[in-house]
Amino acid sequence: MNNPRLILRGKFLLIAATLLLSFLLQPMATAAVSSSIGPLEGPYFKEIRFKIYASSEAEVAGLLSGDVDIMDFFEAEQIPDIQPGLTAGTIETAQSAEQGMWGYSFQCERYPLTLTKFRQAIAHLVDKEKYVREGLQGLGYVIETFIESPGYGPWAATEYVTFEFNPTLAGEILDGIGFVKGSDGKRIDPETGETMRPLTIIARTEHPHRIYAARELAAQMDIVGIPYDLQEVPRSVASPLVFLEQNYDIYTSGWGGGPDVDWLWDIFHSTSPPSQNYQMFKNATVDAALNRLKFGSTYEECLEGAHEAQYLLSEQVPFIPLYAKAYLSPYNARLKNVVDLPWWSGVTNAFTMTFATDKTQKYGSVLNVGWTSDPQQPSPMYEINWWWDSMLNNVIYDSLIQLDPTTFEELPWLAESWTTEPWTPPGGGSGLKLSFNLRDDVTWHDGKPFTAEDVVFTWTYAKEQENPVYISYLKGLQNAETAGTYTAVAYLNTTSFWALHWVGANVPMIPKHIWENIEDSVRYQPIADGNLIGTGPYKFKEYKPGEYVLVEANPKWFLKPADSTLGYTTYTLTQGDTKPFTKKVTVGDDAITNGTYTATVMSAAGATVKTFTGTAAADGTYTVTLDTATINPGTYTVTVEFTAPVTAVGIGSRDDYNLVVEEKPPDYTMYYAGLVVVVVLVAVGYVVMRRRAPGA
Amino acid sequence: MGLLSYVAKRAAFAVVTILIIMTMNFVIFRMMPGNPVAMIADMVRLRPEQVARLYELFGLDKPLWDQYVQYMVQSLRGFYGYSYYSQRPIAEDIMVRLPNTLLLVGTATVLSIVIGMVIGILAAARRGSLVDVTAISFGFLGNSVPVFWLGLILLLVFGVDLKWFPIRGTTSVPAPTDPLALVLDIMWHMTLPTFALVIILFGGYALIMRAAMIDVLTEDYIQLARAKGLDERTVLYKHALRNAMLPMVTVIALAFGFLLSGALLTETVFSWYGLGRYIWDAILKQDYPALQGIFFIISVMVVAANLIADLVYGFLDPRIRQE
Amino acid sequence: MTALLEVRGLKMHYGTVKGDVKAVDDVSFSLEAGESLGIAGESGCGKTSVALALMKLQPGNAKFLGGSITLDGMNVLALDDEKIRREVRWKRISMVPQAAMNALNPVFTVKDQIIEAILTHEDVSEKEAEKRTLELLKRVGIDPSRAGNYPHEFSGGMKQRAMIAMALACNPEIVIADEPTTALDVIVQAQVLKVIKTLQRDLGLSMILISHDLSVVAETCERTVIMYAGSIVENTSTVEMFRHPLHPYSVGLIGAFPKLTGERKRLESITGNPPNLLDPPPGCRFHPRCPHARDVCTRIVPPLLETHENHMVACHMVNRHPEYR
């Protein structure tokens, strides 16, 4: 495998050359980003409707009826429920192996699990094939090491220690370390000379296969004479015991990892917090290997570290990898070009939402996404990234770099190119200087241009706020600065191979003009203020709690196909209606009142139909009102423009909208009047009838 | 005088009941296993200091007694704390969902009471006839069908196969903007859940009504009413019903008391954005403050409904008024 | 002269799962205008069934198997329900029902219940009806200020009087009083009976008084009918009945009844119990208990014959044993 960094260097030169050429030859055409799944450009849908279902049964019904195109969760056990759709050909599926895994975690600080031999003995009690066959009904794969899923490619260890299913051998190992069988068949603890204490096995009830695995293990432990206490409990009971108190011996764990495998460090490094390394595993040799994996400065070093760590972990057994589930991700057959991401929820991901389309309608179709939860607090800065919030964030916000969905290579995104140079931190040591050259054609959803200012702000803001989601990525950030309008530079005190991903791919860009006044980034709910504003392929449109979230295509997105017919926000007004636009302009603390704010209505042919000029208030608020009274019914474009001679170049903004002026519809007053008359008649009739009734 | 002291006695009893319920409400949720912070920690793998912050945020770091006092004071002020999950004030969460639940469960309750009563009266008036046997069998059947199953069947038949009614929600996606269209849209969406609820509920009312009517119809004053030459309708609906209503009043009042608890499963099957679904979600997520808040409100409603039932009883039955 | 009410050969059975209950079997009597008729007999002998049949208020399982009821030349049994309801019930025949205590609907005021009766049958204003109601109540001795009370606020006697007032509300020609005083204590009983008697006389009402209590009949009625097991056994003027009862059952009944005046003698009682009407004895239904029964009595139903002037009796033995008188 080649070093992607080298490829990138080459790619950079290529891109630079292409850019130069295209600049010379023709006015900027929208360029697609090439990736392993083909050129990336989009979006094709005019709108995504995230529909909230209160039960997964109803969501499946929605998939069958065509109300849902893709859904948030789908378990292989639900396949019979969608069989009618599969048979009729209205539903297609993507299938692959889960990029996570299930296994047993050992609390390595609790005797006798402190003994590696003891843990190895237990590893010989596990019949993984049987677990997949019976526990998963065949819908899964046996896993021997941590990052073995096919998607991880070369990162999977080639050498690791395996433990065959052999209870006799397990018994011999136990005998060997002094845990001999007593007269009652139970093993004797050599330290006390009495029957050993029972080991607490915690299994979470919401997944039947976890219960299966726990019971299987318990049965085998019984055979070799290890006493146990099997606790089958809901997540609410299991979570505090495992994640907060580490009060357990064996736990049926589940892991889902992202594309970057540096997460292995978080799970087993001795300095990782106990809520993550709840195995309480501390081993200096493993730590060293993990450090190379996480902080190695080259791909090779990281790869070596990964392989070494996997080998050592397989030998030390703080965790027994068991299996990964196969999953099946159904989608409406009308969709084309869906992208299946194994570490995400199958086809339901931002790639599909942005790059897939409808077979019969290339542009302007609607994508319906089934959700089984409300979003909680969609925000790029919220500490608890609720699954559904992330889905929303991922189509609204962009990062500088995108990772290729299958090769995990860096793709230019908000940054067209980047350079990595060695840098010496002020205190000495070695570090990196990362320079990102940004696209100059990106605007925020509110019309403001996206610049290096925003990038520097995002990094420093997230770091200052100690945002729990991003702090681990930005810990090494020493300084950040702009170099011109479209170049952002980050100085890091680490030379980790992953550093480019940490600052480039893992932190979504947020607009400075909105977040600079937000004091508590974690508690802020941008959705409440209409401030869910990013640069992404979709713009937030509406959230109706319990019902739906709507996002609409961003017609200005930088990867918009050249032939896209997706337009701007359309205001449909009835002739005679007015539509006000407002905007507040301040520079620092000063309100800017000498600007001009205009709304210009243009016909489809480009002729100016009417221009409205706004007024400014003392606090810098501008209002311009579009009045359709004298505009004939038809379709127009509206440009709302602001300019103010503030600095040498002035400041300004420009927003474009579509305008449809409709003829006055029939007046509903008559309806209501009619309704009132009927109600009154009925009431009067009732009263009259009642009065007569006694005499009748 | 008599009436006034009757009301006062009932009201005082109601207040005491509510205070006891509030305390139990608090105790039950503290006794339940599980820990909301851990659930969050599980999702994002928090660091210890973040865990501590969450404890502080939810007031879980204080002694139990302080938590209790704070809970009582806040509840009485109409503040039920913040949801662990949405992090919004619970009163707000409840208020958003309240109209939907009142609309759906209110309509279904009124419909099933009216239908149940009419069927019960007719069945009693024609006791033993085909009408009686059919109505009562269907009532029993509906009453014993699991609502989740019934809801899914309705969804699959009328939503997926026939496509007559929507599969989810309170409104279309997106909701229509014209007010008249919105009203029709909501009515269209509530048809199936209302239907499911009525099927489930009417039988109970029909049976109670029937039993009460059969009792009353053997009374002497009913024969007298007939002897007076009153037509059968007046006999049934004026003379018999008014008396047979007495046991119904309590049942109806309780039905309205539990209105706010919504129809947990029905709202869940049909993705109706109401309080029933809120309770369901809160249970799944172990959102104690949300559950505490809503249980408190439901308790108050039930106690109030009981009080109202007592008062209506007094109105309907002059004998009680006197006592 | 034709009677106001003429019952001929009325036969009514109740269908039950065990078979027909032969509650009323070949009952005939007539009632003249202004006459007061008492029907006496043990409970379960069919008195109330006859009364209900007069207004066609029989229970749902009742079957008419024969006979006629003629009210002022009009066959009541042939009328449809609606016509009965509008034209007969309460308008021409009203009743003071058995157990009047429970006959008032507890949830309406006494006044309203009387007004309702008036408004059902007469096209008068509510005000007019109320005025009449208050007058009626005054007439039966109830203070009009109590008119707005609920039944439970009335004493037993007041309820009974209110019932009487209600029965008179539509100026009926016939009032049927079914055990009007049964549940009352003796003093109240006397008061109520006095009211009934006075009103009947003053208003020229025809009245049928049903009672198991012979003294009540004796005190109130001009004519007495004795029923036994669904049939009339004797029908004559009250004076004649008490002086010269002919039927062995009447004799026993009257004998069982202590006289306050007159010579003291041993109370005669009738041995045995009334028959089960599901399967009454053949022939004379009284024969199993009759001290004078002969073979004929067990086979042939004795017809009700006018054996003496204005005195009808149904007994095979009545003329054969004059010594029995």
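These numbers were taken from a predicted model, which means no experiment stands behind them.

Draft legend 1. Broad picture of the overall build of chain C. For chain C, the helix and strand inventory stands at nine helices and 12 strands. On C-alpha atoms alone, chain C measures out to a radius of gyration of 20 Å, which is about the 20 Å that the 2.2 N^0.38 rule sets for 325 residues. Overall, the C-alpha framework of chain C stretches about 65 × 50 × 40 Å when taken along its three principal axes. When burial is assessed residue by residue, chain C has 54% of its 325 residues classed as buried. Pairs at least 24 apart in sequence give 63% of the contacts found in chain C among residues at least 6 apart. Carbon and sulfur atoms make up 50% of the accessible area of chain C, which amounts to about 14500 Å² in all. On chain C, the mean spot of the 37 positive side-chain charges and the mean spot of the 39 negative ones are 3 Å from each other.

Draft legend 2. Molecular detail of empty space enclosed by the protein. All names here are of chain A. Counted under the stated rule, the structure contains eight cavities of 30 Å³ or more. Space inside the largest cavity adds up to approximately 100 Å³. For the largest cavity, the full set of lining residues is Ala123, Lys128, Glu144, Val161, Thr162, Phe163, Leu313, Ser314, Val317, Phe319, Ile320 and Pro321. Elements with a minimum of two residues in the lining of the largest cavity: helix 11 (299-316) and strand 11 (319-332). A breakdown of the residues in the lining of the largest cavity according to their chemical character gives eight nonpolar, two polar and two charged.

Draft legend 3. Quick peek at helix 2 (residues 81-88) of chain C. All names here are of chain C. Taken as a whole, helix 2 has its buried residues at Ile84, Arg85 and Val88. Buried residues of helix 2 fall within an arc of 115 degrees about the axis and therefore sit on the same side. Taken together, the buried residues of helix 2 touch strand 4 (62-71), strand 5 (74-75), strand 6 (93-96) and helix 3 (110-121). The N-terminus of helix 2 is capped by Asp80, whose side-chain oxygen sits 3.1 Å from the backbone nitrogen of Glu82. Following helix 2 by one or two positions, Trp90 adopts a phi angle in the positive range, close to 65 degrees.

Draft legend 4. Up close: the sheet that holds strand 4 of chain C. Residues and elements named next belong to chain C. If you trace the four strands from one edge of the open sheet to the other, you get 2-1-4-5, paired in antiparallel fashion. Either end of the sheet is taken by a strand with one partner, and the two such strands are strand 2 (19-31) and strand 5. As paired strands, strand 1 (residues 5-16) and strand 2 are joined by eight bridges and run antiparallel to one another. Looking at strand 2, one finds that Leu5 is bridged to Leu31. Where helix 1 (residues 47-54) meets the sheet, it contacts strand 1, strand 2 and strand 4, and its direction lies at approximately 110 degrees from that of strand 1.

Draft legend 5. Quick look at the side chain of Lys47 of chain C. For Lys47 of chain C, the position within the fold is in helix 1. The contact partners of Lys47 of chain C, leaving out residues within four places of it in the chain, are Ile39, Ala40, Gly41, Glu42, Glu179, Ile210, Ser211, His212 and Met227 of chain C.

Draft legend 6. Main features of the environment of Phe106 of chain A. Residues and elements named next belong to chain A. By secondary structure assignment, the location of Phe106 is in strand 6 (residues 100-106). On the basis of relative accessibility, which here comes to 0%, the residue Phe106 falls in the buried class. A C-alpha to C-alpha distance of 8.5 Å links Phe106 and Met280, two positions 174 residues apart in sequence. Not counting residues up to four positions away in its chain, the partners in contact with Phe106 are Leu113, Arg119, Ile122, Tyr248, Asp249, Ile250, Gln279, Val317, Pro318, Phe319 and Ile320.

Definitions and limits used
Residues numbered from 1 in each chain as written. Chains lettered and ligands numbered in written order. Predicted model: local features only at pLDDT ≥ 70, side-chain atom pairs only at ≥ 80, totals over all residues. Heavy atoms only, no water. Helix = DSSP H or I, 4+ residues; strand = E, 2+ residues; numbered from the N terminus. Rg over C-alpha atoms; globule rule 2.2 N^0.38 Å. Buried < 20%, exposed > 50% of the residue type's maximum accessible area, 1.4 Å probe, protein only. Contact = heavy atoms within 4.5 Å. Areas by Shrake-Rupley, 256 points an atom, 1.4 Å probe, with all protein chains shown as cover. Lys, Arg positive; Asp, Glu negative; His and termini not counted. Charge placed at Lys NZ, Arg CZ, Asp CG, Glu CD. 1 Å grid on protein atoms, 1.4 Å probe; cavity = no way out; pocket = protein on both sides within 12 Å on 5 of 7 lines; lining within 4 Å. Points joined across faces, edges and corners; volume = space filled by probe spheres on them. Nonpolar A, V, L, I, M, F, W, Y, C, P; charged D, E, K, R; others polar. Arc of directions from axis to C-beta. Polar contact = N/O pair within 3.5 Å; in protein donor to acceptor, adjacent residues only side chain to side chain. Pairing = 2+ DSSP bridges. Axes fitted to C-alpha atoms, helices over the stretch in contact; angles between N-to-C directions.

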